[in-house]
Amino acid sequence: QSSERSEKRIPTVSTRLRDGSLVEMLYDPSAERTAFAVWKSDQWRIELDVKNGESEILVPFSARNNLIHNDVILLPSGVEEYGPEEQLQEAEQDFIHRYVDVSPLFEKIASYYVLFSWVHDAFNELPYLRLKGDPGSGKTRFLLAVGSLCYKPIFASGASTISPIFRILDAFRGTLIIDESDFRQSDERAETVKILNNGNVKGFPVLRSEASVTGKEFNPRAYHVFGPKIVATRQFFEDRALESRFFTEDMGRRPLREEIPISLPDAHREEARRLRNKLLLFRFRNLHRSKAESGLVDRSIEPRLNQIFIPLLSIIQDEKTREDIRDLARTYNRQMVADRGLDSEAQVLESIQILRSMGSRLSIKSISDAFAEQYGADYERKITPKWVGGVIRNKLHLRTQKSDGIYIIPDTEEPQLQRLFQRYGLTGGTSPESPASPEVHSSDLNPSSQPPPASPDVPPSPLPG
């Protein structure tokens, strides 16, 4: 009896045991009962509780838990065989196709994103899915249908404030399904952005101050927010770095397919539950062998885009689908490059290129003069060498040095200049005889998925020098 009293009972949703076994919580809504599925040595079993070492007993959350009982969080009810993996992917894509109207490519991306969500914790970085559109365009339907298939989906749309979401994410560590329009206050939107900014890379929890029991002091606490996320928004985010983490579908751009039901039928819940049972077995079989494949890196696109595309590409075996998604990555990259072309940094770089083509010395004064001549009319402030020098040093991160009493960009910065020319889509950087001409034109882009040109730190009137 004393041994039993010393054992600590720990409520658990999912974990890896000390012996390497995988444990996942189950919830059977018909029986209103929770249990564990335990995977070890390529076999699974159902347990009411699990011993972990000498002093811990893991127990599932109660079936009467408010979040579980009210379907805020969806779990498998068991473990089911699914046959070949391509059949599982096709089954969930068929499910998505019957209930959601999106473009064929995004439909396929969504089906693979569901698979990815079940093994996401094998990766260090991950992408998000995002639906953008006006009310009535089908965003909520996508959240409900696709979200119901993901790994431990957390439907945050019903939350009255953002605070519970941090706690739920930290406790359940699943897929966050969130409609940004549900959070209308600016501070709630800012907290949502924190979750999105910190949640796509492992090891970046969000720190929040929590009141002590007495309420007399506040203590910082780290909340785990890493995990897949499906987000619905009306507009783009102002933060370009955040924008680059999404696979985005513009909703409501064509009439709804006639076969799409206006309301989700009751059968939808049961279909989704059975698919989650099969996806749980997919997780058990694939978590240990899932990893980012370095051979998929595309050196022609931004490292940040490689970060979000490679995890998804790593679980796709169909070469045609891989190539379609690679093409999408290149399109996103062209959009980012064209978007940068509107920045003061790109304009300074173009001024540098013009001077190089004429064989002129790259002094800050001459760059400032070339910039003012070409773009000065677009700015409400006076263009000065001090301001241009700030762009060169602080935004382009080029080193300057004093020579004969003036500041110049030295020849040692040539490799960095070439990288910047490529990054900003400026050609002709290596040939002083040929002036720059951007390769990417706005007509090459899909305007429905192009982020806004304005950057939060580069206003229409540049910052004072």
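Shown above is the structure to which this text applies.
No experiment lies behind these values; they were computed from the predicted model shown. (Residues numbered from 1 in each chain as written. Predicted model: local features only at pLDDT ≥ 70, side-chain atom pairs only at ≥ 80, totals over all residues. Heavy atoms only, no water.)

### What to know about the overall build of the chain
Okay, step 1: Along its length, the chain carries 15 helices and 16 strands.
Okay, step 2: Counting only residues that meet the buried cut, the chain has 51% of its 465 residues in that class.
Okay, step 3: For the chain, the share of sequence-separated contacts (at least 6 apart) that also reach a separation of at least 24 residues comes to 68%. (Helix = DSSP H or I, 4+ residues; strand = E, 2+ residues; numbered from the N terminus. Buried < 20%, exposed > 50% of the residue type's maximum accessible area, 1.4 Å probe, protein only. Contact = heavy atoms within 4.5 Å.)

### Looking at the pattern of salt bridges
Okay, step 1: If you walk through the whole model with that rule in mind, you get 31 salt bridges.
Okay, step 2: Two residues, Asp170 and Arg173, come together in a salt bridge whose shortest N-O distance is 3.7 Å.
Okay, step 3: Under the relative-accessibility criterion, Asp170 is labelled buried at 15%.
Okay, step 4: Residues joined in a network through salt bridges with shared partners are Asp298, Glu319, Glu323, Arg326, Asp327 and Arg330. (Salt bridge = Lys/Arg side-chain N within 4 Å of Asp/Glu carboxyl O.)

### A few points about the environment of Pro135
Okay, step 1: Along the chain, Pro135 falls in the loop between strand 8 (128–132) and helix 5 (139–147).
Okay, step 2: For the pair formed by Pro135 and Met251, sequence separation is 116 residues and the distance between their alpha carbons is 9.7 Å.

### Let's talk about unusual backbone geometry
Okay, step 1: Its identity is not glycine, yet Asp42 carries a phi of approximately 60°, on the positive side.
Okay, step 2: Its location among the elements puts Asp42 in the loop between strand 4 (33–40) and strand 5 (43–47).
Okay, step 3: Relative accessible area serves as the criterion here: at 63%, Asp42 is assigned to the exposed category.
Okay, step 4: Residues other than glycine seldom take positive phi values, yet His397 does so here, at roughly 55°.

### Some details on helix 10 (residues 303–314)
Okay, step 1: Taking 1.5 Å per residue, 12 residues should reach 16 Å; helix 10 reaches 16 Å between its end C-alpha atoms and fits that length.
Okay, step 2: A large share of helix 10 lies buried, amounting to 9 of its 12 residues.
Okay, step 3: Among the residues of helix 10, Leu305, Asn306, Ile308, Phe309, Ile310, Pro311, Leu312, Leu313 and Ser314 are the ones counted as buried. (Expected span 1.5 Å × (residues − 1).)

### Some remarks on the sheet that holds strand 4
Okay, step 1: If you walk across this open sheet you meet the 4 strands as 2-3-4-5, and the pairing is antiparallel. Each edge of the open sheet is held by one strand with a lone partner, namely strand 2 (14–16) and strand 5. Strand-to-strand, the axes of this sheet are offset by a mean angle of 25°, without reference to chain direction.
Okay, step 2: Looking at chain direction, strand 2 and strand 3 (residues 22–28) are connected through 3 bridges and run antiparallel. Directly across from Arg16, in strand 3, lies its bridge partner Leu22. (Pairing = 2+ DSSP bridges. Axes fitted to C-alpha atoms, helices over the stretch in contact; angles between N-to-C directions.)

### A few points about the nonpolar core
Okay, step 1: Core analysis: the largest hydrophobic core is formed by 97 residues, its most contacted members being Leu129, Phe142, Ile230, Phe247 and Phe309.
Okay, step 2: With 8 residues, helix 4 (residues 104–117) is the largest single contributor of residues to this core.
Okay, step 3: Apart from residues lying up to four places away in sequence, Ile230 is in contact with Tyr113, Leu129, Leu131, Phe142, Leu143, Val146, Gly147, Cys150, Leu176, Ile177 and Ile178.
Okay, step 4: By size, the runner-up hydrophobic cluster in this structure holds 25 residues, among which are Ala346, Val348, Leu362 and Ala370. (Core = buried A, V, L, I, M, F, W, Y, C linked by side-chain atoms within 4.5 Å.)

### Considering the packing of aromatic side chains
Okay, step 1: Applying the stated criterion across every chain, the model contains 16 aromatic pairs.
Okay, step 2: When the ring of Phe371 is compared with that of Tyr379, the centres are 5.6 Å apart and the planes differ by 55°; the resulting orientation is tilted.
Okay, step 3: Overall, Phe371 belongs to the buried group, its relative accessible area being 0%.
Okay, step 4: An aromatic cluster is built from Phe371, Tyr375, Tyr379 and Trp387, whose rings are joined through pairwise contacts.
Okay, step 5: Geometry around Phe246 places Arg130 over its ring, the cationic atom sitting 4.8 Å from the centre.
Okay, step 6: A cation over an aromatic ring shows up here: Lys132 above the ring of Phe236, its NZ or CZ 4.9 Å from the ring centre. (Phe/Tyr/Trp six-rings, centres within 6.5 Å; stacked < 30°, edge-to-face > 60°. Lys NZ or Arg CZ within 6 Å of the ring centre and 35° of its normal.)

### Details of the sheet that holds strand 6 (residues 50–52)
Sheet strands pair via backbone hydrogen bonds, and the direction of the pair is either parallel or antiparallel.
Okay, step 1: Read across the open sheet, the 3 strands follow the order 1-7-6; overall the sheet is mixed. Edge positions in the sheet fall to strand 1 (8–12) and strand 6, since each has one partner strand and no second. Averaged over neighbouring strand pairs, the angle between their axes works out to 35° when direction is ignored.

### Some details on helix 14 (residues 385–395)
Okay, step 1: Inspection of helix 14 places Trp387, Val388, Gly389, Gly390, Val391 and Ile392 among the buried residues, and these make up the whole buried set.
Okay, step 2: Tucked inside the fold, the buried residues of helix 14 contact helix 12 (344–357) and helix 13 (364–375).
Okay, step 3: Within two residues after helix 14, His397 carries a phi angle of roughly 55°, on the positive side.

### Topic: the pairing of strand 3
Okay, step 1: With 6 of 7 residues buried, strand 3 lies mostly within the body of the structure.
Okay, step 2: Where strand 2 hands over to strand 3, the hairpin turn is made up of 5 residues, of which Gly20 adopts a positive phi near 95°.
Okay, step 3: Pairing of strand 3 with strand 4, which is carried by 7 bridges, proceeds in the antiparallel orientation. The residue of strand 4 that forms the bridge with Val23 is Val38.
Okay, step 4: The turn joining strand 3 and strand 4, which pair antiparallel and follow one another in sequence, is formed by 4 residues; a positive phi near 50° is taken by Glu32.

### Here's the deal with the packing of helix 12 against helix 13
Okay, step 1: Direction vectors running N to C along helix 12 and helix 13 enclose 115°, while the axes themselves pass 9 Å from each other. Judged by the angle between their axes, helix 12 and helix 13 are roughly perpendicular. Helix 13 is crossed by helix 12, and the crossing has right-handed handedness. Taken together, the residues of helix 13 that come into contact with helix 12 (itself represented by Ser344, Gln347, Val348, Glu350, Ser351, Ile352, Ile354 and Leu355) are Ser366, Ile367, Ala370, Phe371, Gln374 and Tyr375.
Okay, step 2: Residues that form the contact of helix 12 with helix 13 fall into these classes: 8 nonpolar, 5 polar and 1 charged. (Parallel < 35°, antiparallel > 145°, perpendicular 65-115°, else oblique. Left-handed = near helix turned anticlockwise from the far one by under 90°. Nonpolar A, V, L, I, M, F, W, Y, C, P; charged D, E, K, R; others polar.)

### Points about the pairing of strand 10 (residues 175–179)
Okay, step 1: Most of strand 10 sits inside the fold, with 5 of its 5 residues counted as buried.
Okay, step 2: Where burial is concerned, the two faces of strand 10 agree: the one with Thr175, Ile177 and Asp179 and the one with Leu176 and Ile178 are both buried.
Okay, step 3: Relative to strand 10, strand 9 (residues 153–155) runs parallel, the two sharing 3 bridges. Opposite Phe155, over in strand 10, you have Ile177 as the bridge partner.
Okay, step 4: Relative to strand 13 (residues 229–233), strand 10 is paired through 4 bridges, and the arrangement is parallel. Within strand 13, the residue paired with Ile177 across the bridge is Ile230.

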